[in-house]
Amino acid sequence: MTTDLPQLSLLGTTALLFEAPGETSLTTQCRIWALALEAGRLPGVREAVPGMNNLMIAFAEPPRHRGQIEHRLIELWHALEPLPVAGRCLDLPVVYGGDGGPHMADVVAHTGLSVDDIVAIHSAPTYTVYALGSHPGYCYLGGMDQRIATPRRKVPVLRIPRGAVSIGGSQTGVSASDGPSGWNTIGSTEVAFFDVERTPPALLQPGDCIRFKTIRVLR
Amino acid sequence: MIEVLSAGALATVQDLGRTGALNLGVGTSGAMDPLALAAGNILLRNEENAAALEIPLFPFRVRFTHSTVFAVTGADCAPRLDEAPVLPWWAHRADAGQVLSLAVPSTATWRASRVYLCIAGGIDVPSVLGSRSTQLRGAFGGLEGRPLRDGDRLPIAEPPGRAKTGFGITPPGLALPLEVDGLTAVRVLPAAEYDSFTPSSHEALWSEPWKITSQSDRYGYRLAGPELRPQRPMELRSHGIVPGVIQVPHGGQPIIQMRDAQPSGGYPKIGTVIDADLWRLGQAPIGSRIRFVLCSWDEALDASAATRRWLSNARRLVELYCNQGAVR
């Protein structure tokens, strides 16, 4: 599915999904942020929610004729200037492998790399927060080295703990609370990404970044 | 105040859900059967969005500490006030100290599994990020962000003072039925990856029954049926999703995202159960089988309009009855 055009699809009558063309990139994500700002102001839209190089438009009221909003989104996409990245950086200490990284073996098996290689590759980049989603305070990160990409699990795990560092497809992230996940957990850290008593409740926002600092590798 | 004597398990405070916090990663939560919650509130002349108790497991018992008008909607759970049987989908008054008991629902009258205990005035827990619904994953909203326990005491908001008793409405399970081959049916709009599945997967989706397995809850319904296969494996970039989205993990057995689902995901989506039919799904018992029916955008919007008409008609009848009583 290589095309230069954005793809639009339905999420029932509740929302519309806008997917940017091309390889995942920060430049594209900056355009998604710009589009989110504009799309959130369109009539009938309750919230515009960035994902990884895509945008969900949640309707306050679904339009009888979708053509108009679809056309407007594509028009905006071509006209908008990317929003620049401007954020703060958070260092997270990680214990890789062991009980806190139960799926490290699956990543080894899939990639053919050693545990040490995987840890070195995973902890090297500075990851940009592309979007929040999944569960309260969770950050979708861009910038993972594709050599450690590992498919999501055949059957999701019913409970992985808060602080789990995991890989799903070409992405990586850190669970903000206990819950089900289809990703492969390779390590653990401790951080409070979300506190409903705090303003704003989420620790990070799109444009911020995360660096993983290896404190131990368990085998 | 109402006091929980026997909480069963997984009973929670819910309203119609939390909107506008998706950008914080906060999903919608809210009643699995929003129609039963809204209709119960209409019976009590509350706002449709007033918070109530959602009860999925039985027996469940509460004591009213004050004289209270209430309605039990959703499944037919043979409610009893002290020893006396009372009708579901009906406005009743309980005196201070009376105990309401709810039993395992019967599906002989209509097929449903969850019960809503609605109270005149509504359950008065704090509104968090715009809603009183329990956010289990985030552990906020509802009562301390958790399911109810024996001994919990729930505050009731001051009722508007105009709730009446002695009347009811026909449950939507009887008034708005939708079945295929005797099974509960829900309408589905194809989603982004629909065309990437094999023809035999399409055939199976629309023509086979799908069993709701025991690994199903407010987060999602894991279904069992024929394996759904994409033409080639897909790894998608994470994106926003909504309750009703039917994801197909690599194992080929679909999962329908429900009210506590995460607001984003990355498994391929074959379709989305339309908003107007989510209440049917919310009431479908574990172990039961359902059917999917393909629908168009216009049909989906018409279905939403029909649901809204049913609610506004219920509101009209309740107001008519109550005002008539006032004149007499």
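Residues numbered from 1 in each chain as written. Chains lettered and ligands numbered in written order. Predicted model: local features only at pLDDT ≥ 70, side-chain atom pairs only at ≥ 80, totals over all residues. Heavy atoms only, no water.

Enquirer: Would you take a moment to explain the overall build of chain B for this structure?
Expert: Scanning chain B from terminus to terminus reveals five helices and 21 strands. For chain B, the C-alpha radius of gyration of 20 Å lies close to 20 Å, the compact-globule estimate for 328 residues. Judged by the C-alpha coordinates and their principal axes, chain B covers about 65 × 35 × 35 Å. By the burial criterion, 59% of the 328 residues in chain B qualify as buried. Taking all contacts inside chain B whose residues are at least 6 apart in sequence as the whole, residues at least 24 apart take part in 76%. (Helix = DSSP H or I, 4+ residues; strand = E, 2+ residues; numbered from the N terminus. Rg over C-alpha atoms; globule rule 2.2 N^0.38 Å. Buried < 20%, exposed > 50% of the residue type's maximum accessible area, 1.4 Å probe, protein only. Contact = heavy atoms within 4.5 Å.)

Enquirer: Which parts of the structure should I look at to understand the interface of chain A and chain B?
Expert: It is common to give the size of an interface as the accessible area that goes away when the parts come together. Counting residues at the interface gives 57 residues for chain A and 49 residues for chain B. Its largest share of buried area at the contact with chain B, chain A owes to T13, R64 and R152 of chain A, together 16% of the area lost on that side. Counting the contacts that link chain A with chain B gives three salt bridges. Residues R152 of chain A and E235 of chain B are paired through a salt bridge, measuring 2.8 Å at the closest nitrogen-oxygen approach. (Buried area = accessible area lost by both parts, 1.4 Å probe. Salt bridge = Lys/Arg side-chain N within 4 Å of Asp/Glu carboxyl O.)

Enquirer: Please explain the state of the cysteines as it appears in this structure.
Expert: Residues and elements named next belong to chain B. Scanning the entire structure with this criterion turns up zero disulfides over all chains. C77 provides the cysteine sulfur closest to C118, a residue in no disulfide bond, and the two sulfurs are 12 Å apart. Look at C118 and you get buried, because its relative accessible area is 0%. (Disulfide = S-S within 2.5 Å.)

Enquirer: What should I look at first to understand helix α1 (residues 26–39) of chain A in this one?
Expert: Every α-helix winds through 3.6 residues per turn, so residues three or four apart in the chain are directed the same way. Residues and elements named next belong to chain A. The end-to-end C-alpha separation of α1 is 19 Å, in line with the 20 Å expected for 14 residues at 1.5 Å each. Listed in full, the buried residues belonging to α1 are T28, Q29, C30, I32, W33, A34, L35, A36 and A39. Looking at the buried positions of α1, the neighbouring elements they touch are β2 (15–19), β3 (45–50), β4 (54–59), α2 (67–79) and β6 (127–132). (Expected span 1.5 Å × (residues − 1).)

Enquirer: Explain the domain arrangement of chain A here, please?
Expert: Residue and element names in this part refer to chain A. Taken domain by domain, chain A holds domain 1 (7–79) and domain 2 (89–218). For domain 1 versus domain 2, the separation of C-alpha centres amounts to 27 Å. The interface of domain 1 with domain 2 comprises nine residues on the first partner and eleven residues on the second. For the pair domain 1 and domain 2, the two sides together bury roughly 660 Å², of which 73% comes from carbon and sulfur. Ranking the residues of domain 1 by area buried against domain 2 places L26, W33 and M52 at the top, with a combined share of 71%. Where domain 1 meets domain 2, there are zero salt bridges. For the pair domain 1 and domain 2, the interface holds three residue pairs in polar contact (both at pLDDT 80 or more). (Domains from an automatic or database assignment. Polar contact = N/O pair within 3.5 Å; in protein donor to acceptor, adjacent residues only side chain to side chain.)

Enquirer: Explanation requested: the sheet that holds strand β4 (residues 60–64) of chain B in the structure shown.
Expert: Note: strands within a sheet are paired through backbone hydrogen bonds, in either parallel or antiparallel orientation. Residues and elements named next belong to chain B. Pairing is antiparallel across the open sheet formed by six strands, whose spatial order is β7-β6-β9-β4-β1-β11. A single partner strand is all that each edge strand has here, and the edge strands are β7 (84–85) and β11 (153–154). Bridge analysis of strand β6 (residues 80–81) against β7 gives two bridges, and the strand direction is antiparallel. Residue pairing across strands places R80 opposite P85, the latter belonging to β7. (Pairing = 2+ DSSP bridges.)

Enquirer: Help me understand the packing of helix α3 (residues 104–111) of chain A against helix α4 (residues 115–122) of chain A, please; the structure alone is not making it clear to me.
Expert: Two measures define how a pair of helices packs: the angle their axes make with one another and the distance between the axes. Residues and elements named next belong to chain A. Where α3 meets α4, the closest approach of the two axes is 10 Å, and the angle between their N-to-C directions is 95°. With respect to their mutual orientation, α3 and α4 come out roughly perpendicular. Contact residues: M104, V107, V108 and T111 in α3; V115, I118 and V119 in α4. (Axes fitted to C-alpha atoms, helices over the stretch in contact; angles between N-to-C directions. Parallel < 35°, antiparallel > 145°, perpendicular 65-115°, else oblique.)

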